[in-house]
Amino acid sequence: GIQVEQSPPDLILQEGANSTLRCNFSDSVNNLQWFHQNPWGQLINLFYIPSGTKQNGRLSATTVATERYSLLYSSSSQTTDSGVYFCAVISGTYKYIFGTGTRLKVLA
Amino acid sequence: GAGVSQSPSNKVTEKGKDVELRCDPISGHTALYWYRQSLGQGLEFLIYFQGNSAPDKSGLPSDRFSAERTGGSVSTLTIQRTQQEDSAVYLCASSLFLGQGYEQYFGPGTRLTVT
């Protein structure tokens, strides 16, 4: 089955710093989403981005489907950005395959 | 409702008991999904519904797990004879339609602890 890998596994930043998270997938996909899981466990949609680039405030995402990766950029990080970031792709039937996640901690 | 809701938010049960977890999807969403997240782990897909039908049950961990959906809305995940390894957060998601072009929206989850 399709493999989804995320890097780095852990990231610690000072408030105000920028970051780039990466999601690699082993096969072509038609659906990719980025999620933020907050400290209370809620998964929050960030981007639905099977291809191209999108921006939302301090966040932007780019998916290069032909090269099988997606990037999530964050600028001017805030402590409230802390949590786990997951990318997820659809494989085969209709189930999402989640990456292993990047655990982000933003220090004040 | 405005979002996906799940109940209970927390459930502590004794080993061997049965539990039922409920999911209310976003109104009008035809597709519904169940996932499991064990402590510190990623998300494991369990089952999806298109309407009231679950075409593929192979993701359920064992025959102690079952799920149903009625009226194209509420879904229940039932775990019989719970074991300690069933302890996890169970997440439900819904999307407008089934398919690769539709975003999934997640509920807050049910934290299940089997003692």
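Structure's up top.
Cut-off values and rules
- Residues numbered from 1 in each chain as written.
- Chains lettered and ligands numbered in written order.
- Predicted model: local features only at pLDDT ≥ 70, side-chain atom pairs only at ≥ 80, totals over all residues.
- Heavy atoms only, no water.
- Patch = residues over 30% accessible without salt bridge, like charges linked within 9 Å, V, L, I, M, F, W, Y side chains within 5 Å.
- Areas by Shrake-Rupley, 256 points an atom, 1.4 Å probe, with all protein chains shown as cover.
- Salt bridge = Lys/Arg side-chain N within 4 Å of Asp/Glu carboxyl O.
- Helix = DSSP H or I, 4+ residues; strand = E, 2+ residues; numbered from the N terminus.
- 1 Å grid on protein atoms, 1.4 Å probe; cavity = no way out; pocket = protein on both sides within 12 Å on 5 of 7 lines; lining within 4 Å.
- Points joined across faces, edges and corners; volume = space filled by probe spheres on them.
- Pairing = 2+ DSSP bridges.
- Axes fitted to C-alpha atoms, helices over the stretch in contact; angles between N-to-C directions.
- Nonpolar A, V, L, I, M, F, W, Y, C, P; charged D, E, K, R; others polar.
- Disulfide = S-S within 2.5 Å.
- Core = buried A, V, L, I, M, F, W, Y, C linked by side-chain atoms within 4.5 Å.
- Buried < 20%, exposed > 50% of the residue type's maximum accessible area, 1.4 Å probe, protein only.
- Contact = heavy atoms within 4.5 Å.

**Let's talk about a nonpolar patch on the surface**
Then comes step 1: Judged by side-chain polarity, B:Leu96, B:Phe97 and B:Tyr102 come together as a nonpolar surface patch covering roughly 260 Å² of accessible area.
Then comes step 2: Position of B:Tyr102 among the secondary structure elements: in the loop between β8 (88–95) and β9 (105–106).

**Regarding empty space enclosed by the protein**
Residues and elements named next belong to chain A.
Then comes step 1: Within this structure, the stated rule accounts for one cavity of 30 Å³ or more.
Then comes step 2: When its volume is computed, the largest cavity comes out at roughly 40 Å³.
Then comes step 3: Considering the residues around the largest cavity, the lining is formed by Ser 19, Leu 21, Leu 59, Leu 72, Ser 74, Tyr 85 and Leu 104.
Then comes step 4: Going through the elements one at a time, β3 (19–25) and β8 (69–74) are the ones with two or more residues in the lining of the largest cavity.

**As for the sheet that holds β3(A)**
Residues and elements named next belong to chain A.
Then comes step 1: Judged by pairing direction, the sheet is antiparallel, and its five strands sit side by side in the order β1-β3-β8-β7-β6 without closing on themselves. Because the sheet does not close on itself, it has two edges, and the strands there are β1 (4–7) and β6 (52–56). For this sheet the average axis-to-axis angle between neighbouring strands, irrespective of direction, equals 15 degrees.
Then comes step 2: Two elements, strand β7 (residues 59–64) and β8, share six bridges in a ladder whose sense is antiparallel. Across the sheet, Thr 63 pairs through a bridge with Ser 70, a residue of β8.

**A short note on the layout of surface pockets**
Once rolled over the atoms, a probe with the size of a water molecule shows which space is left empty.
Then comes step 1: Of the volumes computed, that of the largest pocket is approximately 650 Å³.
Then comes step 2: If you go around the largest pocket, you meet 32 residues; those closest to its centre are A:Gln37, A:Gly41, B:Gln37, B:Gly40 and B:Arg111.
Then comes step 3: At four residues, the largest contribution of residues to the lining of the largest pocket is made by strand β10 (residues 110–114) of chain B.
Then comes step 4: For the lining of the largest pocket, the residue count by class is ten nonpolar, 19 polar and three charged.

**Quick word on the state of the cysteines**
By definition, a disulfide is the covalent link that joins the sulfur atoms of two cysteine residues.
Then comes step 1: Going through the model one piece at a time under the given rule, you end up with two disulfides over all chains.
Then comes step 2: Residue A:Cys23 pairs covalently with A:Cys87 via a disulfide, S to S 2.0 Å. A torsion of 75 degrees about the S-S bond marks the disulfide between A:Cys23 and A:Cys87 as right-handed. Here A:Cys87 lies in strand β9 (residues 83–91) and A:Cys23 lies in strand β3, a separation of 64 residues in the sequence.
Then comes step 3: Each sulfur in the disulfide pair B:Cys23 and B:Cys92 lies 1.8 Å from the other.

**A short note on the nonpolar core**
All names here are of chain B.
Then comes step 1: Counting 21 residues, the largest nonpolar core has Trp 34, Leu 46, Ile 47, Phe 49, Leu 77 and Tyr 90 as its most contacted members.
Then comes step 2: Looking at this core, the elements with two or more residues in it are β3 (19–24), β4 (31–37), β5 (43–50), β6 (65–69), β7 (75–79), β8 and β10.
Then comes step 3: Not counting chain neighbours up to four residues away, the residues in contact with Leu 77 comprise Val 19, Glu 20, Leu 21, Trp 34, Leu 46, Leu 60, Ser 66, Ala 67 and Tyr 90.

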